[in-house]
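# Descriptive analysis of the structure
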Amino acid sequence: MSLNKLNQLYLAVVMDHANHPHHKSSLPDATKSVELHNVSCGDDIRVFIKTKADRIEEISFTGNGCTISQASASMMTDALKDLTIPVAIKTCDDFFQLTMGKTLTSKAKKALGDAAILGSLAEFPARIKCATLAWHAAKEAVGGEIK
Amino acid sequence: MDKKFENVIKDFPILSQKINDEPLLYLDNAATSQTPNPVLNEMVSFYQSENANVHRGVYTLANEATTAYENVREQVAEFIHAPNAKSIVYTRSTTESLNLVASSFGDLVVHESDEILITIMEHHSNLIPWQQLAKRKHAKLKYVELADDQTLDIADFKRKLTERTKIVAVTQMSNVLGVTNPIKEITRLAHQQHAYVVVDAAQSVAHQSIDVQDLDVDFLAFSGHKMLGPTGIGVLFGKAELLDEMNPVQFGGEMIEAVSRTQAKWQSAPWKFEAGTQNIGGVIGLGAAITYISKLKMTWIEATEHKLLTYLLPQLVQIKGLTIYGPQTVAEHGSIVAFNLANLHPHDVATGLDMLGVEVRAGHHCAQPLMTTLGVESTVRASLSFYNSLADMDRFVYDVKMVKEFFNRES
Ligand SMILES: Cc1ncc(COP(=O)(O)O)c(C=O)c1O
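Cut-off values and rules
Residues numbered from 1 in each chain as written. Chains lettered and ligands numbered in written order. Predicted model: local features only at pLDDT ≥ 70, side-chain atom pairs only at ≥ 80, totals over all residues. Heavy atoms only, no water. UniProt positions renumbered as here; feature names shortened; annotations may be inferred. Helix = DSSP H or I, 4+ residues; strand = E, 2+ residues; numbered from the N terminus. Rg over C-alpha atoms; globule rule 2.2 N^0.38 Å. Contact = heavy atoms within 4.5 Å. Areas by Shrake-Rupley, 256 points an atom, 1.4 Å probe, with all protein chains shown as cover. Lys, Arg positive; Asp, Glu negative; His and termini not counted. Charge placed at Lys NZ, Arg CZ, Asp CG, Glu CD. Near = heavy atom within 4 Å. Polar contact = N/O pair within 3.5 Å; in protein donor to acceptor, adjacent residues only side chain to side chain. Buried area = accessible area lost by both parts, 1.4 Å probe. Salt bridge = Lys/Arg side-chain N within 4 Å of Asp/Glu carboxyl O. Phe/Tyr/Trp six-rings, centres within 6.5 Å; stacked < 30°, edge-to-face > 60°. Buried < 20%, exposed > 50% of the residue type's maximum accessible area, 1.4 Å probe, protein only. Lys NZ or Arg CZ within 6 Å of the ring centre and 35° of its normal.

Under the annotation held in an unreviewed UniProt entry, chain A carries the name Iron-sulfur cluster assembly scaffold protein for SUF system, SufE2 and is attributed to Pediococcus damnosus. Reading the Sequence similarities (unreviewed entry) entry of the UniProt record for chain A gives the comment "Belongs to the NifU family."

Here is the structure:
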């Protein structure tokens, strides 16, 4: 294999999110924040959420990581903002399914937004953890059950 | 390519496979070494013709298994120049060996306000057991720092070693920086303060010969799987008189001399530390690994790896934006090179190399306090073995450059 295969993972959209992440800051008035570590590299990501009634009003993240984890965190904030908590939890679960190579309905894909292209991760199983870290933190922040 | 190298390569069939359609280049030898056919064959042959539980049956087969098991203990003693086999305890790994010393011996000699002196380059397995011991005993854990050239700061060691120091725990070779520490000098100084010295030889054992009597260390730990042997078998060397003083930390079959309803009497060392059925197959594999290394000769292994490093390091140093951690010169470097490429995360670099068939480690290498000291979260690490070739080194340098270009093009 040559480095061409890398293009499937490091797509322009991914590089763009990694180099210019969306919602990368702390939220002083967050209702909840959760920090998770990637045990193999020591990277950490903290996800902040501000909920009002049942809805994620604001969401952001801080922390360092590889291209994949930064891009995925950025995509996650885009995807979950403004969702109700049950829908946000479902969206996180869909993302986990996607990274494991499952095919999603077009509706579910649409809900994931840019993150839907990370389906190529199934080809890079060693990197799935990098991508799911922020989503696990988000799911925990909204009180979703951790499997 | 010399004849010996060609023959050696044939013993490692795993190396001749393809990864992501490219020939495998295995450069994660510091994590675990590959196991040559003669070692595997020896284990197969043991299971096919000698397998029985040891120290139990009176029947012939059990006796043969016991003899094989105890013979390897002699072999290990000889390998590290221990005075006799009684100072060799079988464990599961370096980690278990170090935990055994920290919890059993540590409990005996470390008391409130005593000091335990370790170094900032320790692997978590030679760090957390001491951190825990210090907490348990309300003792103080101190760290020897790095010098400017990222070798161990011996002046700092001398400053921090006091009459309060009860234990000095230090790695012989860093799994990140690649440096070998001056164990003999450290031991001499520590003994002047009546401190005991515990050495983590996980990384050194397969790359240099070890003489525990010359070094005069009190304890030394290593794992079979980093020296061409199987996983699940490790060794703790301890001076016989110290092992005698220590209490076992696991209890059960094998380790006792006699048991009544209310008490039990232990066997003598090393057997009192080997509770329950041991990893007998692993012991056999460990013995075969030592035989294999002895046939190759440690001097040949050292020379071969030194040649590889001498060839590789200057080429890596020249790659723009590449930072090498640890000493920059070959003289002070073992066969481990940790590095980062400017602006690139180690995981991205390692995935790129993986696509090219090159297997390297990316992460904190179980040395987070060291990473913090170096000012990074993680690094890429290539670790060499005598079964790598100069051509492998060329390919590695080329591939690192390719990966660098790939990511720089994208951003
Ligand atoms: C320096 C050092 N110490 C200890 C260990 C732990 O060895 P094991 O995992 O075999 O117990 C390692 C292995 O990664 C190491 O590199």
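Structure shown, so let's carry the discussion forward.
### Quick word on the overall build of chain A
In terms of regular secondary structure, chain A is built from six helices and three strands. Each helix (α) and strand (β) of chain A, taken in turn from the N terminus, gives the series α-α-β-β-β-α-α-α-α. In terms of C-alpha radius of gyration, chain A reaches 14 Å, essentially the compact-globule figure of 15 Å for 147 residues. Taken along the three principal axes of its C-alpha coordinates, chain A extends 50 × 35 × 25 Å. The contacts in chain A between residues at least 6 apart in sequence include a share of 58% that link residues at least 24 apart. As displayed, chain A has an accessible area near 6600 Å², and 54% of this comes from carbon and sulfur atoms. Charge separation in chain A, taken as the distance between the mean sites of 17 positive and 16 negative side-chain charges, equals 4 Å.

### Details of the site of the ligand
Residues and elements named next belong to chain B. Neighbouring the ligand are 13 residues; Thr95, Asp200, Ser223, His225 and Lys226 lie closest to it. Serine 93 is positioned such that a nitrogen or oxygen atom in its side chain is 3.4 Å from an oxygen atom of the ligand. Side-chain polar atom of histidine 225 to an oxygen atom of the ligand: 2.7 Å apart, as the coordinates give it. Starting from 390 Å² of accessible surface for the ligand in isolation, the protein chains cover 86%.

### Concerning the interface of chain A and chain B
Counting residues at the interface gives 24 residues for chain A and 23 residues for chain B. Summed over both sides, the interface between chain A and chain B buries roughly 1900 Å², with carbon and sulfur atoms accounting for 57% of that surface. On inspection of chain A and its partner chain B, the count reaches one salt bridge. Across the salt bridge formed by aspartate 348 of chain B and arginine 127 of chain A, the nearest N and O atoms sit 2.9 Å from each other.

### A short note on the packing of aromatic side chains
Taken as a whole and assessed by the stated rule, the structure comprises 15 aromatic pairs over all chains. Centroid distance tyrosine 10 of chain A to phenylalanine 407 of chain B: 4.7 Å. Interplanar angle 90°. Geometry classified as edge-to-face. In this pair, tyrosine 10 of chain A is assigned in the loop between α1 (6-9) and α2 (12-19) and phenylalanine 407 of chain B in helix α14 (residues 390-410), connecting two distinct chains. Both residues of the pair, tyrosine 10 of chain A and phenylalanine 407 of chain B, count as buried. On the numbers, 5.7 Å between centres and 75° between planes, the contact of phenylalanine 46 of chain B with tyrosine 47 of chain B is edge-to-face. Note that lysine 5 of chain A overlies the ring of phenylalanine 124 of chain A, its terminal NZ or CZ placed 5.0 Å from the centroid.

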